[in-house]
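Spelled out, the chains give:
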Amino acid sequence: MEEAVDLDVSRLPLRQQLFVSEFVECGNGTQAAIRAGYLASDAASRASKLLASPAIRAIVQARVEDKIEAVRATRDHVLQAFADIVEADATELTGYHRYCCRYCHGTIDKPTGGRARQFTPGEWIERREKHEARRQELIAAGRGDIGEFSVATPKVWYDKRREIDQDCPECFGLGVGEVVLQDTRYISRRARALLACVKETKDGIEVKTHSKEAALAVLARHHRLYDEGGTTVNVVLDAAELDAKFGAAMRVSQERMVQMRMERRAAREARSDDLQIGFATQTALVGVRVRGDSK
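Criteria and thresholds
Residues numbered from 1 in each chain as written. Predicted model: local features only at pLDDT ≥ 70, side-chain atom pairs only at ≥ 80, totals over all residues. Heavy atoms only, no water. Salt bridge = Lys/Arg side-chain N within 4 Å of Asp/Glu carboxyl O. Helix = DSSP H or I, 4+ residues; strand = E, 2+ residues; numbered from the N terminus. Core = buried A, V, L, I, M, F, W, Y, C linked by side-chain atoms within 4.5 Å. Buried < 20%, exposed > 50% of the residue type's maximum accessible area, 1.4 Å probe, protein only. Contact = heavy atoms within 4.5 Å. Phe/Tyr/Trp six-rings, centres within 6.5 Å; stacked < 30°, edge-to-face > 60°. Lys NZ or Arg CZ within 6 Å of the ring centre and 35° of its normal. Expected span 1.5 Å × (residues − 1). Arc of directions from axis to C-beta.

Brief notes about the pattern of salt bridges
- Taken as a whole and judged by the stated rule, the model has 17 salt bridges.
- Here Asp84 ties to Arg189 by a salt bridge, and the two come within 2.8 Å at their closest N and O atoms. A residue pair is termed long-range when its members are at least 10 positions apart, and Asp84 in helix H4 (residues 54–87) and Arg189 in helix H6 (residues 189–194) qualify at 105 residues.
- The salt bridge partner of Arg134 is Glu137, with a shortest N-O separation of 3.3 Å. You can see Arg134 and its partner Glu137 sitting in helix H5 (residues 121–140), three residues apart, about one turn around the helix.

Examining the nonpolar core
- Core analysis: the biggest nonpolar cluster contains 17 residues, and Leu12, Phe19, Val20, Phe23, Ala33, Ile56 and Val60 have the highest contact counts within it.
- Those elements giving two or more residues to this core turn out to be helix H1 (14–26), helix H2 (29–35), helix H3 (43–51) and H4.
- Among residues more than four places away in sequence, those in contact with Ile56 are Leu12, Gln16, Phe19, Val20 and Leu50.

With respect to the packing of aromatic side chains
- Counted by the stated rule, this structure contains four aromatic pairs.
- Judged by centre distance (5.6 Å) and plane angle (70°), the ring pair of Trp124 and Phe149 falls under edge-to-face. Here Phe149 lies in the loop between H5 and strand E2 (176–181) and Trp124 lies in helix H5, a separation of 25 residues in the sequence. Both residues of the pair, Trp124 and Phe149, belong to the buried class.
- Across from the ring centre of Tyr99, 4.7 Å away, lies the NZ or CZ of Lys160, which sits over that ring.

Details of H1
- The first and last C-alpha atoms of H1 sit 18 Å apart over 13 residues, in line with the 18 Å expected at 1.5 Å per residue.
- Within the span of H1, buried status applies to Phe19, Val20, Phe23 and Val24. All buried residues of H1 lie within an arc of 125° about the axis, which places them on one face of the element. Exposed residues on H1 whose side chains face more than 90 degrees from its buried face are Leu14 and Glu25.

By themselves, these observations are geometric and do not establish any function.
Structure (structure tokens):
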């Protein structure tokens, strides 16, 4: 077993550090040497000598593997974001609720069979204050005194959370509808991915979401559920079958990503014992590229 190579790039001279960074970026030895500050006339031979160094080869290989890992992680992150959009529940953002009306639980008027309108405590106080303000206005104008607010305080206040009364003579058991906007501070990760923006306009609050159909199309193409043209589906499925097939494909993809991570971890452990394993082919390819650049 060969002696382990130090992967600390900071131990290399500055120009060699630059060469390593440029070579990992462009993959061309001659161009990397020029960008690192070596003379153009001597760049090809310099690159060949540098890439023949076991330390530099090992560092380059480690950098390339890290770059590949970063690309895979980015891809996985993007696919997960699209999956979150597809699987998000839009009712976490908005909904339409029906509540009991103001008369569902009001006091019954025996002569008519109707019901009194209910108020909240705040609304009742506002009614009383308006009456008192009107009273003072009439007194100041010399138009008499309408007296104190004499309506009895209700024993039961309006609470729209109560059940809709199916026998209500006003709403006929239908209640009243209301659009509800959820507090976005407490929505799930998937709902947050679905949400594009929330803004207040002159017409009210506007909620925009990302397209579930577009996200599903991206995932379907990634899992090859579409043909090469990307316009038709290879199989005829109803919605339930498509969801099942998509779920199975996502599980296979996740299992494959877990397996790839395990394999990469095992490769790193093996490299710590013998950094030269599997590098001979890459060295040969680099040598061919450098000789081609020197012509």
